[in-house]
Amino acid sequence: MYTRARASTTEADTARLREIASTPSEVQTTAQGGSTSQPIHEGLAGVVIGSSAICDVNGERGTLTYRGYDIGELACHATFEETVHLLWHGDLPNQTQLDLLSARLADEREISEAVEQVLAALPEHIQPMDALRTASSALSCPSNGDSGSLSSEQQAICLVAKLPTIAAAHYRRRRSLPRVHPRRDLSHAANFLYMIHGEEPTERQAKTMDLAMLLMAEHGFNASTFAARVTAATLADIVSAVTSAISTLKGPLHGGANEQAMRMMLEIGDVAHVASYIDDALARKQRIMGFGHRVYRTSADPRAAYLRGSLFDLCAESGDFHLYELATTIAEAVETKKGLYPNVDFYAAPVLYLLGIPLELFVSVFAISRVPGWTAHIMEQHTNNKLIRPLSAYVGPEDRVYRPIGQRGN
Ligand SMILES: CC(C)(COP(=O)(O)OP(=O)(O)OC[C@H]1O[C@@H](n2cnc3c(N)ncnc32)[C@H](O)[C@@H]1OP(=O)(O)O)[C@@H](O)C(=O)NCCC(=O)NCCS
């Protein structure tokens, strides 16, 4: 269940911060060099902190483009591998470029003995995202550990190729299932499903996984990408920046929402229970996971429609529309009762569920899908770098005098 993260300030400080934030043009903040009037933008909402040529998220129009291509164009025609090339190089690949990239990704899928040992050393029940984060920071590319000898793109290829193998290897270890090694002859998405299930996916399953990964590959300056760029802006390496991003994606307000959305659907269980469940949740001021968005406020998240289509197709294949009806009924109820639209996580959840991905892996799937976007941003940050270092409004006590420990009371 969602709980707001604890702030490090006291309640009085928090109240004062809220008061300050409600009058943005009049605030006193303490900036370096003295006190000055500065607006405060909590959560950086509405603040443009840099420029980027990778992705345009237009909240008003409800559109999303990768490098100028509408997400619908890519969803209908492109593959995940083509999208990776597009995000990194700014253009869709020709056949030779695509073959080369696909081969390089396939070549890098296997993980080293050192990373295997990191996974083996983890506590038995560690959560998949914790395992992914820990093992990702152990990824040294190449295996001699000298990542400095590799180009940024070579390191990015290692990360895109190896993180799915890490996620699958840890999942099977956690379930005491025999390890399934990656195959070179499968696409990125098909290979991931193969490593999870130990059997080759059907064409429909592979295509659906590919689409889900493509839709989750990039989304502008979201929290995890921003975290990656902050880390990259210190001139830290790509692996470190991606590890920051994985940590940030883990939270339930970001990548964690897909798992929670699926748990909610399973808890509701039947369309007949939707209205009362949503009424009750809203009355208790509970957040409905998979709804709402920081940028798409007046229109739906454009990615949701394509995932809803995939959900329909998967249900049509099995002839069982229960999950499609349940999900669309929940979406209608939340829109009617709260005016919120489903975001990418809401329809990604039942799609992943029907692909047989265990719930505990949902956030990891989001993470491995987002690596192309993170790495594109890290490379862009490094080409025109400026240290990211905002200011804060100091609200703590002032002019205090040091007292020896014996004079401080209990
Ligand atoms: C994504 C999200 C964090 C954006 O948050 P934000 O832009 O900071 O918006 P806020 O948290 O300020 O919410 C604004 C209002 O909408 C409400 N709201 C937003 N999302 C909501 C949700 N999913 N369920 C219920 N109420 C929601 C808030 O309670 C708040 O209401 P209030 O003004 O009466 O207090 C937020 O919509 C959310 O928590 N969604 C659920 C988690 C999720 O699906 N995350 C994946 C994002 S892709």
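Our subject is the structure listed above.
Attention here is on the structure that accompanies the text. In this text the structure is predicted, and so the values were computed from the model without any measurement.

### Quick word on the sheet that holds strand E4 (residues 63-66)
Spatially, E3-E4-E5 is the arrangement adopted by the three strands of the open sheet, whose pairing is antiparallel. The sheet terminates laterally at strand E3 (55-58) and strand E5 (69-70), the two strands that pair on one side only. Sheet topology places E4 next to E5; two bridges connect them, and they run antiparallel. Bridge assignment links Tyr-66 to a residue of E5, and that residue is Tyr-69.

### Brief notes about the site of the ligand
Around the ligand there are 17 residues in total, and Arg-287, Ile-288, Phe-291, Arg-294 and Arg-297 lie nearest to it. Here the ligand loses 69% of its free accessible area of 860 Å² to cover by the protein chains. A class-by-class count of the residues in the shell around the ligand yields six nonpolar, six polar and five charged.

### Overview of the pattern of salt bridges
Counted according to the given criterion, the structure contains 18 salt bridges. In this structure, Arg-229 and Glu-380 form a salt bridge, with 2.8 Å as the shortest nitrogen-oxygen distance. Here Glu-380 lies in helix H17 (residues 362-383) and Arg-229 lies in helix H10 (residues 223-233), a separation of 151 residues in the sequence. With respect to burial, Arg-229 and Glu-380 carry one shared label: buried. Counted as one network, the salt bridges with shared partners bring together Glu-110, Glu-116 and Arg-179.

### Quick notes on the nonpolar core
Ranked by size, the top nonpolar core spans 111 residues in total, and within it Leu-163, Phe-192, Met-209, Ile-330, Phe-346 and Ile-357 carry the most contacts. Looking at which domains feed residues into this core, each of domain 1 (55-249 + 368-383) and domain 2 (257-354) gives three or more. Setting aside residues up to four positions removed in sequence, Met-209 forms contacts with Ala-189, Phe-192, Leu-193, Leu-352, Leu-355, Ile-357 and Val-365.

### Focus: the packing of helix H7 (residues 152-174) against helix H8 (residues 188-197)
With their axes 8 Å apart at the nearest point, H7 and H8 run at an angle of 15 degrees to one another. Overall, the two elements H7 and H8 adopt an arrangement that is roughly parallel. Every pair of crossing elements has a handedness; the one defined by H7 and H8 is right-handed. Contacts between H7 and H8 involve Val-160, Ala-161, Pro-164, Thr-165, Ala-167, Ala-168, Tyr-171 and Arg-172 from the first element and His-188, Phe-192, Met-195, Ile-196 and His-197 from the second. Looking at side-chain class alone, the contact of H7 with H8 contains nine nonpolar, three polar and one charged residues.

### Regarding the layout of surface pockets
Taken as a whole, the second largest pocket spans an internal volume of roughly 400 Å³. Along its surface, the second largest pocket is lined by 19 residues, and Ala-75, Lys-207, Thr-208, Asp-210 and Leu-211 are the ones closest to its centre. Going through the elements one at a time, helix H2 (71-77), helix H9 (203-216) and helix H14 (302-318) are the ones with two or more residues in the lining of the second largest pocket. It is H9 that contributes the most residues to the lining of the second largest pocket, eight residues altogether. Of the residues in the lining of the second largest pocket, the class split is seven nonpolar, six polar and six charged. For the lining of the second largest pocket, the two domains that each supply at least three residues are domain 1 (55-249 + 368-383) and domain 2 (257-354).

The rules behind the values
- Residues numbered from 1 in each chain as written.
- Predicted model: local features only at pLDDT ≥ 70, side-chain atom pairs only at ≥ 80, totals over all residues.
- Heavy atoms only, no water.
- Pairing = 2+ DSSP bridges.
- Helix = DSSP H or I, 4+ residues; strand = E, 2+ residues; numbered from the N terminus.
- Near = heavy atom within 4 Å.
- Areas by Shrake-Rupley, 256 points an atom, 1.4 Å probe, with all protein chains shown as cover.
- Nonpolar A, V, L, I, M, F, W, Y, C, P; charged D, E, K, R; others polar.
- Salt bridge = Lys/Arg side-chain N within 4 Å of Asp/Glu carboxyl O.
- Buried < 20%, exposed > 50% of the residue type's maximum accessible area, 1.4 Å probe, protein only.
- Core = buried A, V, L, I, M, F, W, Y, C linked by side-chain atoms within 4.5 Å.
- Domains from an automatic or database assignment.
- Contact = heavy atoms within 4.5 Å.
- Axes fitted to C-alpha atoms, helices over the stretch in contact; angles between N-to-C directions.
- Parallel < 35°, antiparallel > 145°, perpendicular 65-115°, else oblique.
- Left-handed = near helix turned anticlockwise from the far one by under 90°.
- 1 Å grid on protein atoms, 1.4 Å probe; cavity = no way out; pocket = protein on both sides within 12 Å on 5 of 7 lines; lining within 4 Å.
- Points joined across faces, edges and corners; volume = space filled by probe spheres on them.

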